[in-house]
Amino acid sequence: MAASVGQRFLRFQREVVPWRSRYSAQGSRLSLHHCENTALSHFLQPLRKLPLRAFSTNARKVHTAPARTLFVLRPLPFLFVTGGGYASYRQYEKYRLRELEKLGLEIPPKLASHWEVELPHWLRRPVYSLYIWTFGVNMKEAAVEDLHHYRNLSEFFRRKLKPQARPVCGLHSVISPSDGKILNFGQVKNSEVEQVKGVTYSLESFLGPRTSVEDLPFPPAASCNSFRNQLVTQEGNELYHCVIYLAPGDYHCFHSPTDWTVSHRRHFPGSLMSVNPGMARWIKELFCHNERVVLTGDWKHGFFSLTAVGATNVGSIRIYFDRDLHTNSPRYSKGSYNDFSFVTHANKEGIPMRKGEHLGEFNLGSTIVLIFEAPKDFNFKLKAGQKIRFGEALGSL
């Protein structure tokens, strides 16, 4: 068998060389890539047909996997080649900057992060293909399927979808603002919210102190003996929450979950720790430590808020209608927050948002937390741990 395989490899080499020369002579008619793939498949065909074998040792009988299982490891060398190419390119960029400094030329300003470093055209397809394979990205849903279109990883993370890829449910009052996984949902009890089952965080630490009463669209319904009561504006209502985790392979834009009006934005500079469910089980008040943007306002049933929580390498959070927001900036210190009101003399209502309307985006993976007021008969249409897509129902009355 070894001799047979060796002979096929020699024949494979002899077949590829003429194809290379024919490609360079004839131009675009014959695809070199296609020819090499054909020859390689011809060479490897007998390996795919190898049966499951067994051999004996003094200790026990050992079964070996079919030889074709070796093909499962194909992405490993691909990872090394792609990573090596990217590392080489980064070294070239550093060398180029040093040469510009020596010549006394103006150096372009550094980009916000390594996710925004422009990839060479030849490196885009292998890098993005590896990412697609690793995280199970469905590029058939993307508005632009051509991988060469995305200049850097940040653009690829924030890719737009085809209009028909996410139909918005019109039967339910609250929809999912993003793709992701449902970590937790339900009523808010004792001003504490569960980030995952059994691990809670303080509602006031997460949202920050309530704005002054004169800034509210309408005053609280009950005495303010708890932070929860400061948020509930109508008698008989309850406060609800829903936590959606966006994995790296998910669609990274988020949308308005209902018809509501945004009146206030609060930005918390903070850490950028991972927000995956495993980490959330270990760190209490993880969401309160990470950088986040809290949008608050009201809908037809009272208070409504949407919070975009940053994660590892995801300090950059963008809100489309808020040009004054600058996240992941060194000018802000951790432990503080800065407020901005959308209610002005010219606009006394705030920013109206329609259900399903584009709201914002962030890179890689992160978390969306909804906290809102609704009547007691509000019902979630969810199960903890389920996957959900933007536009699908979260709950209704």
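Refer to the structure above for everything that follows.
The model shown is predicted, which means the values in this text are computed figures rather than measured ones. (Residues numbered from 1 in each chain as written. Predicted model: local features only at pLDDT ≥ 70, side-chain atom pairs only at ≥ 80, totals over all residues. Heavy atoms only, no water.)

With that settled, consider the overall build of the protein chain. Summing up its helical and strand segments, the protein chain has 9 helices and 19 strands in all. By the burial criterion, 46% of the 397 residues in the protein chain qualify as buried. Surface summary for the protein chain: the accessible area is close to 21,700 Å², and the carbon and sulfur share equals 55%. (Helix = DSSP H or I, 4+ residues; strand = E, 2+ residues; numbered from the N terminus. Buried < 20%, exposed > 50% of the residue type's maximum accessible area, 1.4 Å probe, protein only. Areas by Shrake-Rupley, 256 points an atom, 1.4 Å probe, with all protein chains shown as cover.)

All right, on to helix 4 (residues 121-135) then. Spanning 15 residues, helix 4 covers 22 Å between terminal C-alpha atoms, matching the ideal 21 Å at 1.5 Å per step. Leu123, Arg124, Pro126, Val127, Tyr128, Leu130, Tyr131 and Ile132 are the residues of helix 4 that are buried. Of the residues flanking the end of helix 4, it is Gly136, one or two places downstream, whose phi is positive at about 65 degrees. (Expected span 1.5 Å × (residues − 1).)

Now for the nonpolar core. In summary, soluble globular proteins display a tendency toward joint burial of nonpolar side chains. The biggest cluster of nonpolar side chains holds 32 residues, and the ones touching the most others in it are Cys242, Phe254, Trp260, Ile368, Leu370, Phe372 and Leu394. When contributions to this core are tallied by element, the ones reaching two or more residues are strand 7 (237-246), strand 9 (260-268), strand 10 (292-299), strand 11 (302-309), strand 12 (317-319), strand 14 (351-353), strand 15 (358-362) and strand 16 (366-375). Apart from residues no more than four positions distant in its own chain, Phe254 is found in contact with Pro177, Ser178, Leu306, Ala308, Arg318, Ile319, His358, Leu359, Gly360, Glu361, Phe362 and Ile368. Judged by nonpolar contacts, the second largest core, of 20 residues, contains Leu183, Phe227, Phe268 and Val309. (Core = buried A, V, L, I, M, F, W, Y, C linked by side-chain atoms within 4.5 Å. Contact = heavy atoms within 4.5 Å.)

On inspection of all chains with the given rule, the structure shows 21 aromatic pairs. Residues Phe304 and Phe372 carry aromatic rings whose centres are separated by 5.4 Å and whose planes lie at 25 degrees to one another, so their mutual orientation is stacked. Residue Phe304 is located in strand 11, and its partner Phe372 is located in strand 16; the two are separated by 68 residues in the primary sequence. In this pair, the class of Phe304 matches that of Phe372, namely buried. These aromatic residues form a ring-pair network of at least three members: Phe185, Tyr240, Trp260, Trp299, Phe304, Phe372, Phe378 and Phe380. Positioned over the ring face of Phe156 is Arg159, at 4.9 Å from the centre of the ring. Positioned above the aromatic ring of Phe268 is the side chain of Arg292, whose terminal nitrogen or guanidinium carbon lies 3.9 Å from the ring centre. (Phe/Tyr/Trp six-rings, centres within 6.5 Å; stacked < 30°, edge-to-face > 60°. Lys NZ or Arg CZ within 6 Å of the ring centre and 35° of its normal.)

Before going further, it helps to examine the sheet that holds strand 8 (residues 253-255). Judged by pairing direction, the sheet is antiparallel, and its 3 strands sit side by side in the order 8-15-12 without closing on themselves. Strands at the two margins of the open sheet, each flanked by one partner only, are strand 8 and strand 12. Sheet twist, expressed as the average angle between the axes of neighbouring strands with direction ignored, equals 20 degrees. (Pairing = 2+ DSSP bridges. Axes fitted to C-alpha atoms, helices over the stretch in contact; angles between N-to-C directions.)

With that settled, consider the side chain of Ser256. Relative to the helices and strands, Ser256 resides in the loop between strand 8 and strand 9. Discounting residues that sit within four places of it in the chain, Ser256 has contacts with Ile175, Met353, Arg354, Lys355, Gly356, Glu357 and Leu359.

What follows concerns the sheet that holds strand 17 (residues 379-380). As summarised here, the arrangement of the 3 strands in space is 3-19-17, forming an open sheet in which the pairing is antiparallel. Either end of the sheet is taken by a strand with one partner, and the two such strands are strand 3 (174-175) and strand 17. In the sheet, strand 3 pairs with strand 19 (residues 393-396) via 2 bridges, with the strands oriented antiparallel. Bridge pairing in strand 19 places Ile175 opposite Ala393.

Let's shift gears to the environment of Ser256. By relative accessible area, which is 0% here, Ser256 ends up buried. For the pair Ser256 and Arg354, spaced 98 residues apart in the sequence, the C-alpha separation amounts to 6.5 Å. Among the polar contacts made by the side chain of Ser256, one reaches the side chain of Trp260 at a distance of 3.1 Å. Here Arg354 takes part through its backbone oxygen, which lies 3.3 Å from a polar atom of the side chain of Ser256. (Polar contact = N/O pair within 3.5 Å; in protein donor to acceptor, adjacent residues only side chain to side chain.)

This next bit is on the pairing of strand 19. The sheet contact formed by strand 17 and strand 19 spans 2 bridges and is antiparallel. Paired with Phe380 across the two strands is Gly395, which belongs to strand 19.

What follows deals with unusual backbone geometry. Residues other than glycine seldom take positive phi values, yet Asn190 does so here, at roughly 55 degrees. Position of Asn190 relative to the elements: it lies in the loop between strand 4 (180-187) and strand 5 (192-196). On the basis of relative accessible area, Asn190 is assigned to the exposed category, the value being 72%. At Ser191, a position not held by glycine, the phi torsion is positive, near 60 degrees. When you line up the elements, Ser191 lands in the loop between strand 4 and strand 5.

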